[in-house]
Amino acid sequence: MQRSILRTIKAHTRFIVTMHVNPDPDALGSALAMTIFLRSLGKEVSLVNDSAYPSWLRFMPQSKLCRAFSASLVKALKPEVLIVLDCGDIRRIGQVAQWAGRGVKIINIDHHVTNTRFGDQNLIDIKSSSTSEILYGFLKTARCRLTRDMAVALYLGILTDTGSFGFDSTSAHTHEVIAELLKFDLPVGELYRQVYETMPKNDLKPFLSLMNTLTLHHDEKIACLTITQSQAKKFSDDFDLKDKVFGFLRAVKGIEVIMILAEQQKKKTRLNFRSRGKVDVARFASQFNGGGHRNASGGFLDMPLKRARACVLKEIVKAL
Ligand code: 5GP
Ligand code: MN
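Residues numbered from 1 in each chain as written. Chains lettered and ligands numbered in written order. Predicted model: local features only at pLDDT ≥ 70, side-chain atom pairs only at ≥ 80, totals over all residues. Heavy atoms only, no water.

Participant: Would you take a moment to explain helix α6 (residues 172–182) for this structure?
Facilitator: For an α-helix the count is 3.6 residues per turn, leaving residues at separations of three or four pointing the same way. All buried positions along α6 are accounted for by Thr174, Val177, Ile178 and Leu181. Burial along α6 is one-sided: seen end-on, the buried residues are contained in an arc of 100°. Exposed and oriented more than 90 degrees from the buried face of α6 are Ala172 and Glu176. Between a side-chain oxygen at the N-terminus of α6 and the backbone nitrogen of histidine 173 the separation is 3.2 Å; the capping residue is serine 171. (Buried < 20%, exposed > 50% of the residue type's maximum accessible area, 1.4 Å probe, protein only. Helix = DSSP H or I, 4+ residues; strand = E, 2+ residues; numbered from the N terminus. Arc of directions from axis to C-beta. Polar contact = N/O pair within 3.5 Å; in protein donor to acceptor, adjacent residues only side chain to side chain.)

Quick look at the structure:
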């Protein structure tokens, strides 16, 4: 598949690279590396995301390449190929999907177990720790000479999607790729701090009061946190709240499943799940318009927060 994707790339001129809404470092990192690669081949390429990227990812090299979707972009850009990174299904790219369909070829590169193979070409490896790890292999096949910026982007993608090499998706191959990337003399400590140790001080107290509202269920095996829109507003844009909540609760012994329910609109609730391994939360999320990985997934319900909470708590008992 790598070679046939390369042939498609060589045969075309105009590209859009994209990834899932609210990108994480794996999505943005792999998308940046792909964009820089296509540029090095002299292609016309735009990196477009539904909503650009959260401001805390500004420190990623060349992050400014990434533009937010807009109606005027639809008029201006006439891509022949749409390259989608780190998305289990095409709806995950949000409004960028407006380019799909119009005779535009879709290349789908991803590692989610629930991937729907929505592309004309699909490079899927569910054993891979991250899309960034897959992309490293692809660039190697393409005989691409990595730049330092590409190395940083891919390193950050792998670092975060493996939970700093703590998830079971971390393999010998993951570490081999990391060893290659570190040859660029990357500032490991500084990159780690940028990702994990930049919580704005102003967010500490709202964080602690939000954590106080946490509830435990079913023998304290399930942790459930709801976030209303007005609670969410108390945090700065620079703060990845859900990630911090998951990171904190993951450290608590005996919790099997962590659920965050966030009010998006009056009747729309976003769901995010993490599992310690017993419960397959990718399958669980597929009941709620979503998907993801066995131990990390998401979805949504067209319901108010309270009803969504009752619904999800009822279903999780069956899954346990
Ligand atoms: P997160 O909780 O970090 O947003 O997502 C956890 C994992 O599940 C990520 O790998 C993410 O791509 C995937 N995921 C999150 N939300 C959805 C969704 O609505 N649909 C699908 N297919 N995957 C999702
Ligand atoms: Mn990923």
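Past the structure itself, the notes keep going.
Participant: How should the coordination of the manganese ion (ligand 2) be read in this particular structure?
Facilitator: Angles at a metal have ideal values that depend on geometry: 109.5 degrees with four tetrahedral donors, 90 or 180 degrees with six octahedral donors. Surrounding the manganese ion (ligand 2) are the protein donor atoms Asp26 (OD), Asp86 (OD), His111 (NE2) and Asp161 (OD), which sit 2.1 to 2.4 Å from the metal. Expressed as a motif, the donor residue spacing for the manganese ion (ligand 2) is D-x59-D-x24-H-x49-D. In this pair, aspartate 26 is assigned in helix α2 (residues 25–40) and aspartate 86 in the loop between β4 (81–85) and β5 (105–110), connecting sequence segments 60 residues apart. Here aspartate 26 falls in the buried class, since its relative accessible area comes to 0%. (Donors = N, O, S within 2.8 Å, 3.2 Å for Na, K, Ca; no water.)

Participant: Explanation requested: the site of ligand 1 in the structure shown.
Facilitator: If you check the shell around ligand 1, you find 14 residues, and the closest are Asp89, His112, Arg270, Asn272 and Arg274. Between aspartate 89 and ligand 1, the recorded distance is 3.1 Å, taken from a side-chain N or O atom to a nitrogen atom. Between ligand 1 and alanine 296 there is a distance of 3.5 Å, counted from an oxygen atom to a backbone nitrogen or oxygen. When the free accessible area of ligand 1 is taken as 490 Å², the share hidden by the protein chains comes to 85%. Only β10 (268–275), β11 (291–292) and β12 (296–301) provide two or more residues apiece to the shell around ligand 1. Sort the elements by how many residues they give to the shell around ligand 1 and β12 lands first, with four residues. Partitioned by chemical class, the residues of the shell around ligand 1 number one nonpolar, nine polar and four charged. (Near = heavy atom within 4 Å. Areas by Shrake-Rupley, 256 points an atom, 1.4 Å probe, with all protein chains shown as cover. Nonpolar A, V, L, I, M, F, W, Y, C, P; charged D, E, K, R; others polar.)

Participant: Whenever I open this one, the sheet that holds β11 confuses me. Can you help?
Facilitator: Remark on secondary structure: sheet strands pair via backbone hydrogen bonds, oriented parallel or antiparallel. Taken together, the six strands give an open sheet; going across it, the order is β7-β8-β9-β10-β12-β11, and neighbouring strands pair in mixed fashion. What marks the edges here is a single partner per strand, and that holds for β7 (215–217) and β11. Relative to strand β9 (residues 257–265), strand β8 (residues 222–227) runs parallel, the two being bridged by six bridges. Paired with leucine 225 across the strands is isoleucine 260, a residue of β9. Running at roughly 155° to β9, helix α12 (residues 305–319) makes contact with β7, β8, β9, β10 and β12 of the sheet. (Pairing = 2+ DSSP bridges. Contact = heavy atoms within 4.5 Å. Axes fitted to C-alpha atoms, helices over the stretch in contact; angles between N-to-C directions.)

Participant: So what exactly am I meant to see when it comes to the sheet that holds β5 here?
Facilitator: Taking strand neighbours across the sheet as the criterion, the six strands line up as β3-β2-β1-β4-β5-β6 in an open arrangement whose pairing is parallel. This sheet does not close on itself; its edge strands, each paired only once, are β3 (66–68) and β6 (121–124). Direction aside, the axes of adjacent strands within the sheet are offset by 25° on average. With four bridges joining them, β5 and β6 adopt parallel strand pairing. Pairing of asparagine 108 across the sheet is with asparagine 122, part of β6. In the packing of helix α1 (residues 2–11) onto the sheet, contacts are made with β1 (14–19), β4, β5 and β6, and the angle to β6 comes to roughly 135°. Where helix α4 (residues 131–141) meets the sheet, it contacts β4, β5 and β6, and its direction lies at approximately 115° from that of β5.

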